[in-house]
Amino acid sequence: MSIERVGIIGGGLMGSGIAEVSAKAGAKVVVHEINPEAAEAALGRIQRSLARAVERGKMEENERDQVLGRISVSTDIGEQSDRQIVIEAATENEDLKREIFAELDRLVSDPGAILASNTSSIPITRLAAATQRPESVIGMHFFNPVPVMALVELVTTVKTSPQVVGQAEAFAEMVGKTVVRAKDRAGFVVNMLLIPYMLGAIRMFEAGHATKEDIDSGMRLGANHPMGPLELTDFVGLDTTKYVADVLFEEYKEPMYASPPLLTRMVEAGLHGRKTGQGFYDYR
Ligand code: CAA
Ligand code: NAD
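Residues numbered from 1 in each chain as written. Chains lettered and ligands numbered in written order. Predicted model: local features only at pLDDT ≥ 70, side-chain atom pairs only at ≥ 80, totals over all residues. Heavy atoms only, no water.

Engineer: For this particular structure, what's the right way to read the overall build of the protein chain?
Structural biologist: When helices and strands are tallied, the protein chain shows 11 helices and eight strands. Projected onto its principal axes, the C-alpha positions of the protein chain cover 55 × 45 × 35 Å. Within the protein chain, the proportion of its 284 residues that are buried is 50%. Taking contacts inside the protein chain between residues at least 6 apart in sequence as the whole, the part at least 24 apart equals 69%. With the model as given, the accessible surface of the protein chain reaches about 13,100 Å², and the carbon-plus-sulfur share is 52%. One way to put it: in the protein chain the 30 positive side-chain charges average out to a point 2 Å from where the 39 negative ones average out. (Helix = DSSP H or I, 4+ residues; strand = E, 2+ residues; numbered from the N terminus. Buried < 20%, exposed > 50% of the residue type's maximum accessible area, 1.4 Å probe, protein only. Contact = heavy atoms within 4.5 Å. Areas by Shrake-Rupley, 256 points an atom, 1.4 Å probe, with all protein chains shown as cover. Lys, Arg positive; Asp, Glu negative; His and termini not counted. Charge placed at Lys NZ, Arg CZ, Asp CG, Glu CD.)

Engineer: Would you explain the site of ligand 2 in this entry?
Structural biologist: Lining the immediate environment of ligand 2, one finds 24 residues, of which M14, E33, E92, K97 and S120 sit closest. M14 is positioned such that a nitrogen or oxygen atom in its backbone is 2.8 Å from an oxygen atom of ligand 2. K97 has a polar side-chain atom sitting 2.8 Å from an oxygen atom of ligand 2. When isolated, ligand 2 has an accessible area of 830 Å², and the protein chains bury 88% of it. When contributions to the shell around ligand 2 are tallied by element, the ones reaching two or more residues are α1 (13-24), α4 (94-107) and β6 (137-142). The biggest single contributor to the shell around ligand 2 is α4, with three residues. Residue composition of the shell around ligand 2, by class: 10 nonpolar, 10 polar and four charged. (Near = heavy atom within 4 Å. Polar contact = N/O pair within 3.5 Å; in protein donor to acceptor, adjacent residues only side chain to side chain. Nonpolar A, V, L, I, M, F, W, Y, C, P; charged D, E, K, R; others polar.)

Engineer: Teacher, can you tell me more about the pattern of salt bridges here?
Structural biologist: Working definition: two side chains of opposite charge can pair if their charged atoms are close together. According to the stated counting rule, one finds 15 salt bridges in the structure shown. Among the ionic pairs, E231 bridges to R220, the shortest N-O distance being 2.9 Å. In this pair, E231 sits in helix α9 (residues 229-236) while R220 sits in helix α8 (residues 212-223), placing the two residues 11 residues apart along the sequence. Since its relative accessible area comes to 28%, R220 is described here as partly exposed. (Salt bridge = Lys/Arg side-chain N within 4 Å of Asp/Glu carboxyl O.)

Engineer: Mind showing me how you'd approach the side chain of E92 here?
Structural biologist: Relative to the assigned elements, E92 resides in the loop between β4 (85-88) and α4. Classification of E92 by relative accessible area gives buried; the value is 9%. Apart from residues lying up to four places away in sequence, E92 is in contact with K97, T119, S120, S121, I122, Y243 and V244.

Engineer: It is not clear to me how the packing of α9 against helix α10 (residues 238-252) should be interpreted in this structure. Could you clarify?
Structural biologist: Each pair of packed helices can be described by the angle between their axes along with the distance between the axes. Look at α9 against α10: their axes get within 6 Å of each other, and the N-to-C directions meet at 95°. Relative to α10, the element α9 is oriented roughly perpendicular. Where α9 approaches α10, its residues T233, D234 and V236 are matched on the opposing element by L238, T240 and T241. By residue class, the composition of the contact of α9 with α10 is two nonpolar, three polar and one charged. (Axes fitted to C-alpha atoms, helices over the stretch in contact; angles between N-to-C directions. Parallel < 35°, antiparallel > 145°, perpendicular 65-115°, else oblique.)

This is a description of form; function is not addressed.
Encoded structure:
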C-alpha cells in the first residue's frame with residue numbers, strides 16, 4: 001500500500017517536523033491543531049524550517065512551494081477521516097492522547113488505516129485500549145529535529161498486527177528514516193537511556209557541582225555530543241522532559257527517573273526551554 005494521505009494531530013515541535021518530512025516524501029498532509037492561533041503557529045514552524053532548507057541550498061524554491069502546497073493545517077478533526085495513517089503528536093499527556101485515539105477510532109473510516117503515536121514514553125497498549133481497533137495502533141517515535149534526525153523507534157504491542165508493523169516501517173523508510181524496534185515498555189530504547197542522563201545533569205547543576213555552561217561544554221567537548229545535556233533539555237522542552245520522566249518513574253519506580261525539584265519548579269514557572277524563550281538559557 002502506498003501512503004498518500006497523512007494526518008498529524010498536534011503541530012508543535014514534533015508534529016510540524018513530521019508533517020514536513022511526510023510532504024517532502026510526496027504525501028498530502030493534514031495537521032490538526034486545537035485553535036486558530038495554534039494552527040497558525042504550526043504553519044509558521046513548517047514555513048520557517050522550509051525557508052531554512054532553501055537558504056542552506058538544500059531545497060529549491062519551487063520544491064518548497066510544492067511541499068507547502070501538500071500541507072494544510074486545520075482545527076476540524078473531521079478532516080482526518082479519510083487518512084491512511086494518522087500520527088498523533090500532541091502534548092505528552094496520557095488522558096489527552098487516549099481521548100484523541102478514541103476520537104480517531106470513531107472518525108477514521110478505513111479500517112486498515114494506521115493509528116500511530118509519537119509519544120516519547122507512554123505505553124502504546126494504553127492508547128490502543130482507548131480504541132476498538134488495537135491491531136491498528138503502533139508507536140512511531142521520531143526524534144527532534146525531525147528533518148535532521150535519522151531514527152524512528154517502532155513500538156509494537158502484543159495486539160499490533162504484522163501488516164500494520166510492515167506498513168509503518170515502509171512509511172518510516174519512505175520519509176527517509178531508519179527504524180529500530182522496541183517492545184512496549186515506557187521510554188522504549190532511547191529515552192530509557194537519555195532521560196536519566198538529562199535528569200542527572202539537572203541534579204548536578206542543582207547541587208552546584210559545576211556551572212551550566214561547564215556541564216554543557218564538558219559533554220560537548222569531552223564526549224562529542226552535539227549539544228550539552230542542559231541545552232538538550234531546553235531543546236526538547238522542559239515540560240516534555242518532565243512528563244516523560246514522570247511516566248518512566250511511574251513504570252520503573254527507580255530514583256534515576258524522578259524529576260529533580262529544579263525541573264519541576266521551572267516547568268511550573270513556565271520556563272519550558274527554547275519554545276517559550278527561556279529555560280536553562282535565555283533565547284529571547
Ligand atoms: N530543521 C531542519 N534542519 C535543521 C534543523 C531544523 N529544525 N535544525 C538544524 N538543521 C540542519 C541544518 O540545516 C544543518 O544542515 P546542513 O549541515 O546540511 O546545512 C544541520 O542540521 C546542522 O545544523 P546547524 O549547523 O544549524 O546546527 P548544529 O550543527 O548545532 O546542529 C542540531 C543542530 C542538529 C539540532 C544538533 O545540535 C543536534 O543534533 N543536537 C542534538 C539533537 C538530539 O539529540 N535530538 C534528540 C532529542 S531527544 C528526542 O527527540 C526524543 C524525545 O522523545 C524527547
Ligand atoms: P509541543 O508542546 O511542541 O507541541 C504539542 C502540540 O500539540 C501543541 O501545538 C498543542 O497545541 C497540540 N495539541 C494539544 N492538544 C491537542 C489536541 N487535542 N489536538 C491537536 N493538537 C493538540 O510538544 P512536542 O515536543 O511537539 O511533543 C509532541 C509529542 O511528541 C509528545 O508526545 C512528546 O513526548 C513527543 N516527542 C517530543 C520530542 C521532543 O524532543 N520535544 C521528541 C520526540 C517525541
